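Okay, here's what each chain looks like letter by letter:
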Amino acid sequence: MSGAARRWYPAAVMNGRVWSIMRGSRGLASLLAAGLIIGACAGRGAKEAEATAPAERVAGPSRGSSDARSLPSFDVSAGAADLAGGGDVLGASKELPVPTCGASHSYEWIASDARCGDGRNPLQGDLRAAMASRAGNVGPNASGHIIDLYEIPCPEGPKKIYVDMYDCENAEPTRAEVEIQRLMAGVVEGDHEPFIRRCREEEAGRSSTGRVSALLKACVSAMPAALDASGDREGAKAWLREWCAGAELEAEPGEDPKRFVYLDNVIESSLSLALEVDASAATIEAARGKLVEAYAPACGVDRAAFETWRASAAG
C-alpha cells in the first residue's frame, strides 16, 4: 500500500456502481466489534488495544472487481507453499513485525493469515480467538511504534507473532478481506449466490461453534443488500430481524442507538449496490424512503424516530 496512510475496506466497482460495506458515515466495523457479535466476548487486552488503536479512515475503493478476481481466495487450510516469498519472516521479531492498520485489522490478520510451521492457520479465521491470543505489547521498536505480541497455538508449540498496528502505510488486505472483495465483486456483477451461500455458512458456524470471522462482519450489513438484489426481499427482512434483535435500541446520553446505526448502514449498503454513483439526490432519497419503509418494521424500529435521529445525526 503506497501513498498517504489509509485503511483498505472491501468495495466492488462495476457498471457505474460502487458497493462498499463502509459507505455510511458512522463506522460499522467499530459498531459490530463493540455491539453485535464481538464486543461482549472480547478480553481485556483486546479492549485495551481497540482503545489505543489509531483512527481507521474510510477510503474509497482501492481495487476494482476486475483485479479482485485475480487475487488468491481465502483458504484456511492452505499449505506451506503459501509461505513462499518471505511471509514467514514478517512477524518473527519485534524489529520485523507484521504491518497492519489498527487493532481490528491486526485481529483479522492473526485470524486468517497467521501460519504455523506446517503452513496451516490454527485459528480458522476466528476473530475472537485472535483477540484472545494477544499477549500484550512489547514496547516500541526502532520505528517508534508500540509493537503487539500474539501467541497462536501450533503443533510445534505456541508461536510468537509481532504486529505493528500503526503501520498503515505498509499494511495490505488480509486473505479474508480478499475473499470478501471477490464475493462482493460477484454480487455487483449479478452473481449473488456465492456471497449469500458463504454468509449462510458463516452464520451457521457462529451458531454451532461461536466462530466470528471477518466475512461474517461483512455479511451482517451487506447480506440484506445481496438478498434484495437477488429478488429475495423477505429473506433480507428475515436477516434484519435476527441481527437487529442483537443491537440495542436505547442509547446512553450522547451516544447513537446501535440498532439505528446498524439499520442506517444496511440501507446505505443497499443503496450503493442498487444505484449508480451519479444518481440524483431525488432518486437516492426516493429509494431510501422505500427501504426504510420495508426495513424499519423488520428491524423493530419506529420509522419516525429513525428519520428524526438520522436528520439530527446528519445535521
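Predicted model only: the values in this text are computed from it and were never measured. (Residues numbered from 1 in each chain as written. Predicted model: local features only at pLDDT ≥ 70, side-chain atom pairs only at ≥ 80, totals over all residues. Heavy atoms only, no water.)

Engineer: Can you help me understand the overall build of the protein in this one?
Structural biologist: Secondary structure summary: the protein contains twelve helices and six strands in total. Looking at the protein as a whole, 51% of its 315 residues qualify as buried. About 13500 Å² of surface is accessible on the protein, with carbon and sulfur atoms providing 52% of the total. (Helix = DSSP H or I, 4+ residues; strand = E, 2+ residues; numbered from the N terminus. Buried < 20%, exposed > 50% of the residue type's maximum accessible area, 1.4 Å probe, protein only. Areas by Shrake-Rupley, 256 points an atom, 1.4 Å probe, with all protein chains shown as cover.)

Engineer: What should I look at first to understand the environment of Leu 291 in this one?
Structural biologist: Inspection of the secondary structure assignment puts Leu 291 in helix H11 (residues 281–298). For the pair Leu 291 and Glu 268, spaced 23 residues apart in sequence, the C-alpha to C-alpha distance is 9.7 Å.

Engineer: What exactly am I supposed to notice about helix H7 (residues 193–209) here?
Structural biologist: The periodicity of an α-helix, 3.6 residues per turn, causes residues three or four places apart in sequence to face the same way. The end-to-end C-alpha separation of H7 is 24 Å, in line with the 24 Å expected for 17 residues at 1.5 Å each. Turning to H7, its buried residues are Pro 194, Phe 195, Ile 196, Arg 198, Cys 199, Glu 202, Glu 203 and Gly 205. Once H7 finishes, Gly 210 follows within two positions and takes phi at roughly 80°, a positive value. (Expected span 1.5 Å × (residues − 1).)

Engineer: What am I meant to see in the packing of aromatic side chains here?
Structural biologist: Counted according to the given criterion, the structure contains four aromatic pairs. Aromatic side chains Phe 260 and Phe 306 sit 5.7 Å apart centroid to centroid with 85° between the ring planes, which places their arrangement in the edge-to-face category. Of this pair, Phe 260 sits in helix H10 (residues 258–274) while Phe 306 sits in helix H12 (residues 303–314); the two residues are 46 residues apart in sequence, bridging distant segments of the chain. Residue Phe 260 is classed as buried on the basis of its relative accessible area, which comes to 8%. In this structure an aromatic cluster arises from ring pairing among Phe 260, Phe 306 and Trp 309. (Phe/Tyr/Trp six-rings, centres within 6.5 Å; stacked < 30°, edge-to-face > 60°.)

Engineer: What should I look at first to understand the sheet that holds strand S4 (residues 134–140) in this one?
Structural biologist: Within the open sheet, the four strands sit side by side as S3-S6-S5-S4. Their pairing is mixed. Among the strands making up the open sheet, the edge pair consists of strand S3 (98–99) and S4. Bridge count for strand S5 (residues 146–152) against strand S6 (residues 159–164) is five bridges, and the pairing is antiparallel. Bridge pairing in S6 places Tyr 150 opposite Ile 161. (Pairing = 2+ DSSP bridges.)

Engineer: Looking at this structure, how should I read unusual backbone geometry?
Structural biologist: Trans is the common state for peptide bonds, and a negative phi is the common state for residues other than glycine. For Gln 124, which is not glycine, the phi dihedral falls at a positive 55°. As for its placement among the helices and strands, Gln 124 is situated in the loop between helix H4 (103–112) and helix H5 (127–132). We classify Gln 124 as partly exposed; its relative accessible area is 37%.

Engineer: Is there a simple way to think about the pairing of S5 in this case?
Structural biologist: A regular strand carries its side chains on alternate faces of the sheet. Among the seven residues that make up S5, five are buried, leaving the element largely enclosed by the rest of the structure. Direction of pairing for S4 relative to S5: antiparallel, over a ladder of four bridges. Following the sheet pairing, Arg 134 is matched in S5 by Tyr 150. As consecutive antiparallel partners, S4 and S5 are separated by five residues, and within that stretch Gly 144 has a phi angle of approximately 90°, a positive value. Following S5, the chain reverses through six residues before pairing antiparallel with S6; Gly 157 in that reversal takes a positive phi of roughly 120°.

Engineer: Would you explain the state of the cysteines in this entry?
Structural biologist: A disulfide bridge is the covalent bond that connects two cysteines by way of their sulfur atoms. Counted under the stated rule, the structure contains four disulfides. Between the sulfur atoms of Cys 101 and its disulfide partner Cys 168 the distance amounts to 2.0 Å. Looking along the S-S bond of the Cys 101-Cys 168 disulfide, the torsion reads about 80°, which is the right-handed sense. Taken together, the residues Cys 101 in the loop between S3 and H4 and Cys 168 in the loop between S6 and helix H6 (175–188) connect sequence positions 67 residues apart. No difference in accessibility class separates Cys 101 from Cys 168, as the two residues are buried. One disulfide in the model links Cys 244 with Cys 299; its S-S distance is 1.8 Å. Taking the sign of the S-S torsion, -90° for the link of Cys 244 and Cys 299, the bridge is left-handed. Here the residue Cys 244 occupies a position in helix H9 (residues 233–244), and Cys 299 occupies one in the loop between H11 and H12, the gap between them amounting to 55 residues. You can call Cys 299 buried: its relative accessible area is 2%. Across the protein, the way the bonded cysteines pair up, counted in sequence order, is 1-4, 2-3, 5-6, 7-8. (Disulfide = S-S within 2.5 Å.)

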